[in-house]
Amino acid sequence: MLGFTSKQLFGVGIFLFMIFIGVPLIIGATGRWDFYFTLTSVALLAIASAGVWLTFYIGRINIGQGAFALIGAYVSAILVVKAGWSFWISLPAAGLFAAVVAILIGLPILRLRGVYFAMITLVLTQVVTLTALALPITNGAKGISNIPLPSGISLFGIPILPDFAAMENTKLAFYYTACIIMILTYAALYRLVNSRLGHLCRSMQQNEELASSIGVNISYIRIVIFAISSFFGGLGGAMFGSIAQSVYPSSFQVADSVNFMLNCFLGGLGYVFGPMLGTLVLYFGWDLLFEFGKYQMLIYSTILIIIIRFLPNGLLSIRFGKGGDK
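Residues numbered from 1 in each chain as written. Predicted model: local features only at pLDDT ≥ 70, side-chain atom pairs only at ≥ 80, totals over all residues. Heavy atoms only, no water.

Colleague: Please clarify how the nonpolar core should be interpreted in this entry.
Modeller: Here is a general trend for soluble globular proteins: nonpolar side chains tend to be buried in one another's company. Counting residues in hydrophobic clusters, the biggest one holds 83 residues, and the most contacted among them are Trp53, Phe68, Met182, Tyr186, Leu189 and Met239. At 13 residues, helix 2 (residues 34-56) tops the list of elements feeding residues into this core. Contacts of methionine 182, omitting those with residues within four sequence positions, involve Phe15, Ile19, Ala43, Ala46, Ile47 and Met276. Among the nonpolar cores identified, the runner-up in size contains 8 residues, and Leu262, Leu289, Leu304 and Leu315 belong to it. (Core = buried A, V, L, I, M, F, W, Y, C linked by side-chain atoms within 4.5 Å. Buried < 20%, exposed > 50% of the residue type's maximum accessible area, 1.4 Å probe, protein only. Helix = DSSP H or I, 4+ residues; strand = E, 2+ residues; numbered from the N terminus. Contact = heavy atoms within 4.5 Å.)

Colleague: Help me understand unusual backbone geometry in this model?
Modeller: If a residue is not glycine, its phi is most likely negative; likewise, a peptide bond is most likely trans. Even without being glycine, asparagine 146 reaches a positive phi, approximately 55°. Checked against the element boundaries, asparagine 146 lands in the loop between strand 1 (144-145) and strand 2 (153-155).

Colleague: How should I be thinking about the packing of aromatic side chains in this particular structure?
Modeller: Where two aromatic rings form a pair, the distance of their centres and the angle of their planes describe that pair. Inspection of every chain in the model, using the stated rule, returns 18 aromatic pairs. When the centroid spacing of 6.2 Å and the interplanar angle of 25° are considered together, the rings of tryptophan 33 and tyrosine 36 count as stacked. Overall, tryptophan 33 belongs to the partly exposed group, its relative accessible area being 43%. With centroids separated by 5.4 Å and ring planes inclined at 55°, the aromatic side chains of tyrosine 36 and tyrosine 175 adopt a geometry described as tilted. You can see tyrosine 36 sitting in helix 2 and its partner tyrosine 175 sitting in helix 6 (residues 170-193), a full 139 residues away along the chain. Here tyrosine 36 matches tyrosine 175 in class, with each residue buried. Cluster of aromatic residues (ring-pair linked, three or more members): Phe20, Trp33, Tyr36, Tyr175 and Tyr176. Sitting over the ring of phenylalanine 310, arginine 309 keeps its end group 5.1 Å from the ring centre. (Phe/Tyr/Trp six-rings, centres within 6.5 Å; stacked < 30°, edge-to-face > 60°. Lys NZ or Arg CZ within 6 Å of the ring centre and 35° of its normal.)

Right, dumping it as structure tokens:
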């Protein structure tokens, strides 16, 4: 199963049990229903962060994932509100549209490396924000509001996907949906990393010239990986828009793109599931420091610097040591 060892399968089983059974039981016992939204946000941020991790895998520093999340949110909202599409169809369409935009943008900029590529991607979120403000179809600064909840889909009268509007607990429904998408995302990411394409990406990460000299089409691989990365960003953004039932030009900002990158660093760039752990720690870490008031950012930044300084391979390196792709 995806190349997992028996020990890893046991860990995955525990993880799935906690997500789908343990967490709902704990929330039901404590009455903290607001935690569903918190954990749903973590799952969706982890999906977008997975895309950023993938671009690191080809030796590129991506600080523009917020742009593709915003594109995905707007595409889904426009298709649902203005075109009358079902959310479930608009979701993959949003990811695919973000991937197409990534291909068009990536053709000229993926030739750049290091800080040059990072600086170009850094301004992408701001460019998309300004574009959303200017286009009539996005309603400018007003954004798109009153996005309906995901409607059901039936095949020959048999329900395939649920109608959230008919559900008593939509928070739980969104939580399960986000977790399922997150699991599928990381399963695909794990499979990709351990495929022939993943091996080619590792060779590019170490030495692009050498990889090219042995016949690796590095330009093609860079475009494919960047498109997949942006697809994940579009998915996460589309889900966020549906949960919030609104999308604005400020829904995703440059700070979000930076945080997507930090999630990868914190969890571990050498580990497929690093972005997931990094997102969880970063999200809750920021909230836990809220009590420190004006010192929150100072303490937060100091802790991040210390972790990155003494754990350059991320938090997962504490458990796994050297190596990667765990």
